[in-house]
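Here's the letter readout for the chains.
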Amino acid sequence: PQQPVPLWARAIEPVYAAASGLRRSLYRRGWLRSRRMPVPVLVIGNLAAGGSGKTPLVIAMARQLQQAGWQVGVATRGYGRDAADTPLWITAQTDPALGGDEPVLIARRSGAKVRADADRAAAAHALTDAGCDVVLCDDGLQHYRLARDVEIEVVDARRSYGNGRLLPAGPLREPPARAVQC
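Residues numbered from 1 in each chain as written. Predicted model: local features only at pLDDT ≥ 70, side-chain atom pairs only at ≥ 80, totals over all residues. Heavy atoms only, no water.

S.K.: How would you explain the overall build of the protein chain if you had to name every residue and give the values?
M.R.: From N to C terminus, the protein chain includes five helices and six strands. A globule of 182 residues ought to have a C-alpha radius of gyration of about 16 Å, and the protein chain, at 17 Å, matches this closely. With respect to the three principal axes, the spread of C-alpha positions in the protein chain is 50 × 45 × 30 Å. Counting the 182 residues in the protein chain, one finds 38% classified as buried. Once local pairs closer than 6 in sequence are excluded, the contacts in the protein chain between residues at least 24 apart make up 71%. Of the accessible surface of the protein chain, which amounts to about 10200 Å², a share of 56% is contributed by carbon and sulfur atoms. (Helix = DSSP H or I, 4+ residues; strand = E, 2+ residues; numbered from the N terminus. Rg over C-alpha atoms; globule rule 2.2 N^0.38 Å. Buried < 20%, exposed > 50% of the residue type's maximum accessible area, 1.4 Å probe, protein only. Contact = heavy atoms within 4.5 Å. Areas by Shrake-Rupley, 256 points an atom, 1.4 Å probe, with all protein chains shown as cover.)

Written as structure tokens, this is what we have:
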């Protein structure tokens, strides 16, 4: 059974909706500018909080693009890492506490260049400077500063959009029955 949403979260939800809608509108009207990269940028993300399979998809796409001859770079925020405000190159040997567990997993499983930066546009720029000719942006659907050529939304078919509410009231959903290791 789904947990009830706290009153404080339901009260703040309209504020979040207004702020995110205003921000999206400012980018759409060109008052805030997106930064375009000289290479294709594919953003992989989800709209529901919690795991939906983004990381396994990023790894699979990186591998497929590499097999097709592309030099793949992955731009990520590196959620949960120490010193999150400091840009960092992530390798297979990076301590997950420093690089974040998902970025390190992506580096280990894909062999792609991975750049963690709170500013995904700066991460994408660093990746192109490092020779990448395609950038996968992990979890960047709401990061409008980085212009994208393709957006891929990952939706958990079993849990969908949970309670259908916006942060902080949602979109809560029940945890998966079992975790899947990629």
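S.K.: Could you give me a rundown of the sheet that holds strand β6 (residues 150–153), with the residues and numbers involved?
M.R.: Reading across the sheet, the six strands line up as β3-β4-β2-β5-β1-β6 and stay open at both edges, with mixed pairing between neighbours. Every interior strand has two partners, whereas the edge strands, β3 (88–90) and β6, have only one. Strand-to-strand twist across the sheet, computed as the mean angle between neighbouring axes with direction ignored, equals 25°. As paired strands, strand β2 (residues 72–76) and strand β5 (residues 134–138) are joined by four bridges and run parallel to one another. Its bridge partner lying in β5, Gly 73 is registered against Val 135. Across the sheet, helix α2 (residues 54–67) lies against β1 (41–45), β2, β5 and β6, angled at about 170° from β5, the strand it touches most. (Pairing = 2+ DSSP bridges. Axes fitted to C-alpha atoms, helices over the stretch in contact; angles between N-to-C directions.)

S.K.: Explain the nonpolar core to me, and be specific about the residues and the numbers.
M.R.: Within the largest apolar cluster, 19 residues are counted, with the highest numbers of intra-cluster contacts made by Val 58, Val 72, Val 74, Ile 90, Ile 106, Val 114 and Leu 136. Of all the elements in the fold, those that place two or more residues in this core are β1, α2, β2, α4 (101–110), β4 (113–116) and β5. Counting residues per element, this core draws most heavily on α2, which supplies five residues. Of all hydrophobic cores here, the second largest spans 14 residues; its members include Val 43, Ala 75, Ala 121 and Ala 124. (Core = buried A, V, L, I, M, F, W, Y, C linked by side-chain atoms within 4.5 Å.)

S.K.: Account for α2, naming residues and giving values.
M.R.: Under the 1.5 Å per step criterion, the end-to-end length of α2 is 20 Å for 14 residues, consistent within 8% with the ideal 20 Å. Within α2, the full set of buried residues consists of Lys 54, Thr 55, Val 58, Ile 59, Met 61, Ala 62 and Leu 65. For α2, the buried positions fall inside an angular range of 165° around the axis, keeping them on one side. Counted as exposed and oriented over 90 degrees from the buried face of α2: Gln 64 and Gln 67. (Expected span 1.5 Å × (residues − 1). Arc of directions from axis to C-beta.)

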